[in-house]
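# Reading the structure
Here are the chains, one letter per residue:
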Amino acid sequence: MSGDTEAPPLVLLHATGTSSTGWLANVGPLSARCRVFAVDIVGEAGKSHQSKLLRGRKDCVQWLSSVLDGLGLERPSLVGWSFGGWAALAFTIDRPERVDKTVLLAPFGSLAPYSRSILAFLKVGPYLPWGPPGGLALRMMAPGYRFDERFAKQFILGGRYFKPADPRVSVFPRPFTTKELSSIQVPVLLMVGDRESAFDPRIAVSQARNFIPGAQTHLVPGVGHMIAMEAQAVVNHAILGFLQDLPLEGLARTE
């Protein structure tokens, strides 16, 4: 937790394979305006202890609801990145009364089908004797980007030594239907890099624009899946502006 205790609450849900430390480039700027809660998602290589397997969407929604209850948060805004974006969107659809606004950063398995290479990586990686190859994953998701050495080391060690849940029996994101997207009653901001490799970014933007009522969509040039790091200044500025109902023109190309 960080930021003024009287500031509007903001819950951050990280990408799969990372932990709350994945927000290292965002927490400081966001805490200047918000009371920030960066949560370690259970079933990931973080500090949360998992006593029950998350088998599907219902379990994820219930888990997040319990987290908000435990933090004493009635109606915070959510920022979800990758798998965290899918979890945030599922919660927004199923529990709209508990969400103020929702920000989706490269939401994986949410608005567009998986790319074949990423799907194969997710299905096979957990069963490799040495675990998912973390260094390769970072290069695939953000070609040419120079990661913070501490984060890269933690990500690689997590892939090597943390045993993820079997994807055949645990939650595995699937894109939401157009009916579900059309039912959203919460303001939504979607930010996706135009070099996104996990899914087709233009399909994701089109789905959001066509079916999520009033959604703001931004396709960020030159950015891949690790958008919260690769475009940290743009992302931080856009999130804060969106939460304060400020115009976002000029931040990124909108399609």
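Okay, so let's go over this structure. (Residues numbered from 1 in each chain as written. Predicted model: local features only at pLDDT ≥ 70, side-chain atom pairs only at ≥ 80, totals over all residues. Heavy atoms only, no water.)

### Description of the nonpolar core
With 81 residues, the main nonpolar core has Leu13, Trp63, Trp81, Leu105 and Ile227 as its most contacted residues. At 8 residues, the largest contribution of residues to this core is made by helix α3 (residues 83-94). If we ignore the near neighbours within four places in the chain, the residues touching tryptophan 63 are Leu13, Val39, Asp40, Ile41, Val42 and Leu54. (Core = buried A, V, L, I, M, F, W, Y, C linked by side-chain atoms within 4.5 Å. Buried < 20%, exposed > 50% of the residue type's maximum accessible area, 1.4 Å probe, protein only. Helix = DSSP H or I, 4+ residues; strand = E, 2+ residues; numbered from the N terminus. Contact = heavy atoms within 4.5 Å.)

### Side note on the pairing of strand β2 (residues 35-39)
With 4 of 5 residues buried, β2 lies mostly within the body of the structure. Across 5 bridges, strand β1 (residues 9-13) lies against β2 in parallel orientation. For valine 11, the partnering residue across the bridge sits in β2 and is phenylalanine 37. (Pairing = 2+ DSSP bridges.)

### Thoughts on the pairing of strand β6 (residues 216-220)
Of all 5 residues making up β6, 4 are buried, and the element is well covered by its neighbours. Two strands pair when backbone bridges link them, and strand β5 (residues 188-193) and β6 are joined in this way by 5 bridges, in the parallel orientation. Bridging from a neighbouring strand, valine 192 pairs with leucine 219 of β6. In terms of handedness, the path from β5 via helix α8 (residues 201-211) over to β6 forms a crossover that is right-handed. (Right-handed = clockwise from strand over helix to strand, strands pointing away.)

### Looking at the pattern of salt bridges
Taken as a whole, this structure holds 6 salt bridges when the rule is applied. Here aspartate 69 ties to arginine 98 by a salt bridge, and the two come within 2.7 Å at their closest N and O atoms. You can see aspartate 69 sitting in helix α2 (residues 57-71) and its partner arginine 98 sitting in the loop between α3 and β4 (102-105), a full 29 residues away along the chain. Owing to a relative accessible area of 13%, arginine 98 belongs among the buried residues under this scheme. As a salt-bridge pair, lysine 101 and aspartate 245 come within 2.4 Å of each other at their nearest N and O atoms. Placement of the pair is lysine 101 in the loop between α3 and β4 and aspartate 245 in the segment after α10 (232-243), with a sequence separation of 144 residues. You can call aspartate 245 exposed: its relative accessible area is 64%. Connected through shared salt-bridge partners, Arg57, Asp94 and Glu180 make up one network. (Salt bridge = Lys/Arg side-chain N within 4 Å of Asp/Glu carboxyl O.)

### Focus: the sheet that holds strand β3 (residues 77-81)
Spatial ordering of the open sheet is given by β2-β1-β3-β4-β5-β6, a layout of 6 strands whose pairing is parallel. The open sheet is flanked by β2 and β6, the only strands paired with a single partner. Adjacent strand axes in the sheet meet at a mean angle of 15°, parallel and antiparallel pairs treated alike. Against the sheet, α8 engages β5 and β6, with an angle of about 165° to β6. Against the sheet, α10 engages β1, β3, β4, β5 and β6, with an angle of about 170° to β5. (Axes fitted to C-alpha atoms, helices over the stretch in contact; angles between N-to-C directions.)

### Quick look at α2
Helix length check: α2, at 15 residues, gives a terminal C-alpha distance of 21 Å against a target of 21 Å (1.5 Å per residue), a fit within 8%. All of the buried residues along α2 are Cys60, Val61, Trp63, Leu64, Ser65, Val67 and Leu68. At its buried positions, α2 is contacted by β1, β2, β3 and α3. A positive backbone phi angle near 75° is found at glycine 72, which sits one or two residues after α2. (Expected span 1.5 Å × (residues − 1).)

### Focus: empty space enclosed by the protein
One pass over the structure, following the stated rule, counts 2 cavities of 30 Å³ or more. A volume near 40 Å³ is recorded for the second largest cavity. No other element matches α2, which puts 4 residues into the lining of the second largest cavity. Classifying every residue of the lining of the second largest cavity by side-chain character gives 8 nonpolar, no polar and no charged. (1 Å grid on protein atoms, 1.4 Å probe; cavity = no way out; pocket = protein on both sides within 12 Å on 5 of 7 lines; lining within 4 Å. Points joined across faces, edges and corners; volume = space filled by probe spheres on them. Nonpolar A, V, L, I, M, F, W, Y, C, P; charged D, E, K, R; others polar.)

### A closer look at the environment of phenylalanine 176
Among the secondary structure elements, phenylalanine 176 is positioned in the loop between α6 (149-161) and α7 (178-182). Looking at phenylalanine 176, the relative accessible area reads 6%, which means it is buried.

### What about unusual backbone geometry?
One non-glycine residue with positive phi stands out, namely serine 82, at about 60°. With respect to the helices and strands, the residue serine 82 is situated in the loop between β3 and α3. The class for serine 82 is buried, based on a relative accessible area of 2%. At aspartate 245, a position not held by glycine, the phi torsion is positive, near 60°.

So yeah, pure geometry; function would need other evidence.
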